[in-house]
Amino acid sequence: MSDWPDLAGRLDQSGHVLPVRVYYEDTDFTGIVYHGAYVRFFERARSDFLRLIGIHHSELAEGDDGTSLAFAVRTMTLDFQKPAKIDDVLEVQTSLAEYKGARIKLDQLIYRGDELLVSAAVTVAVISSEGRPTRLPSALSEKLLKHRPSELS
């Protein structure tokens, strides 16, 4: 599997892009994507974005950088504009909007071709194994900050 770099999408100048195909399991009885499926698409994209920049959930949980850490979604605002349908190929775009302290804000967009379908503003908290907000270790912060869109630099 490690020979498939596209499995986790790709990094570009604005952040991360993950292709997603809509399967039957993602839809309701009408063949339209169920609203909860978009949350899963966004979660996959956030995880792959972090993985590609060198921040791995398993290493965070194991405390490889000093203490056991995790990410927890604090807020998520979704704006549904157009529906996706079974067999559509979508692109989930993820970009860093803000990073301060224990808080990471991300903008996420789902496109079908040039057509924007769903947007999300997501705030993720970095938490300790006890559930307390905490900062990322500096080495991981540096990895994240290297992937800020140029207007945030």
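Below, the structure is looked at part by part. Note that the structure is predicted; figures quoted are calculated from it, not measured.

**A look at a negative patch on the surface**
A cluster of acidic residues, Glu 59, Glu 62, Asp 64 and Asp 65, forms a negative patch on the protein surface. Summarising the element assignment, Glu 62 is placed in helix H2 (residues 57-62). The exposed category is assigned to Glu 62, whose relative accessible area is 61%.

**Looking at helix H3 (residues 138-145)**
Every buried residue belonging to H3 is among Leu 140, Ser 141 and Leu 144, and all of these are buried. The buried side chains of H3 occupy one side of the element, clustering within an arc of 105° when seen end-on. When the buried face of H3 is taken as reference, the exposed residues oriented beyond 90 degrees from it are Ser 138 and Glu 142. Where H3 is buried, its residues meet helix H1 (35-52), H2, strand E4 (89-100) and strand E5 (103-112).

**Quick look at unusual backbone geometry**
The backbone phi angle of Asp 87 is positive, close to 75°, even though this residue is not glycine. Within the secondary structure, Asp 87 is located in the loop between strand E3 (69-80) and E4.

**Focus on the nonpolar core**
Counting 33 residues, the largest nonpolar core has Phe 41, Phe 71, Ile 104, Leu 136 and Leu 144 as its most contacted members. When residues in this core are grouped by element, the largest group, seven residues, is from H1. What Leu 144 contacts, discounting residues up to four positions off in sequence, is Phe 49, Leu 50, Ile 53, Ile 55, Leu 96, Tyr 99, Ile 104 and Leu 136.

**Here's the deal with the sheet that holds E4**
Ordered in space as E1-E2-E4-E5-E6-E3, the six strands form an open sheet in which the pairing is antiparallel. For this open sheet the edge positions go to strand E1 (10-12) and E3, each flanked by a neighbour on one side alone. Averaged over all neighbouring strand pairs, the angle between strand axes comes to 25°, with direction disregarded. Across nine bridges, the pairing between E4 and E5 is antiparallel. For Glu 91, the partnering residue across the bridge sits in E5 and is Tyr 111. Packing against the sheet, H1 makes contact with E1, strand E2 (15-21), E3, E4, E5 and strand E6 (115-128), and its axis sits at approximately 135° to E2.

How each quantity is defined
- Residues numbered from 1 in each chain as written.
- Predicted model: local features only at pLDDT ≥ 70, side-chain atom pairs only at ≥ 80, totals over all residues.
- Heavy atoms only, no water.
- Patch = residues over 30% accessible without salt bridge, like charges linked within 9 Å, V, L, I, M, F, W, Y side chains within 5 Å.
- Areas by Shrake-Rupley, 256 points an atom, 1.4 Å probe, with all protein chains shown as cover.
- Salt bridge = Lys/Arg side-chain N within 4 Å of Asp/Glu carboxyl O.
- Lys, Arg positive; Asp, Glu negative; His and termini not counted.
- Charge placed at Lys NZ, Arg CZ, Asp CG, Glu CD.
- Helix = DSSP H or I, 4+ residues; strand = E, 2+ residues; numbered from the N terminus.
- Buried < 20%, exposed > 50% of the residue type's maximum accessible area, 1.4 Å probe, protein only.
- Arc of directions from axis to C-beta.
- Contact = heavy atoms within 4.5 Å.
- Core = buried A, V, L, I, M, F, W, Y, C linked by side-chain atoms within 4.5 Å.
- Pairing = 2+ DSSP bridges.
- Axes fitted to C-alpha atoms, helices over the stretch in contact; angles between N-to-C directions.

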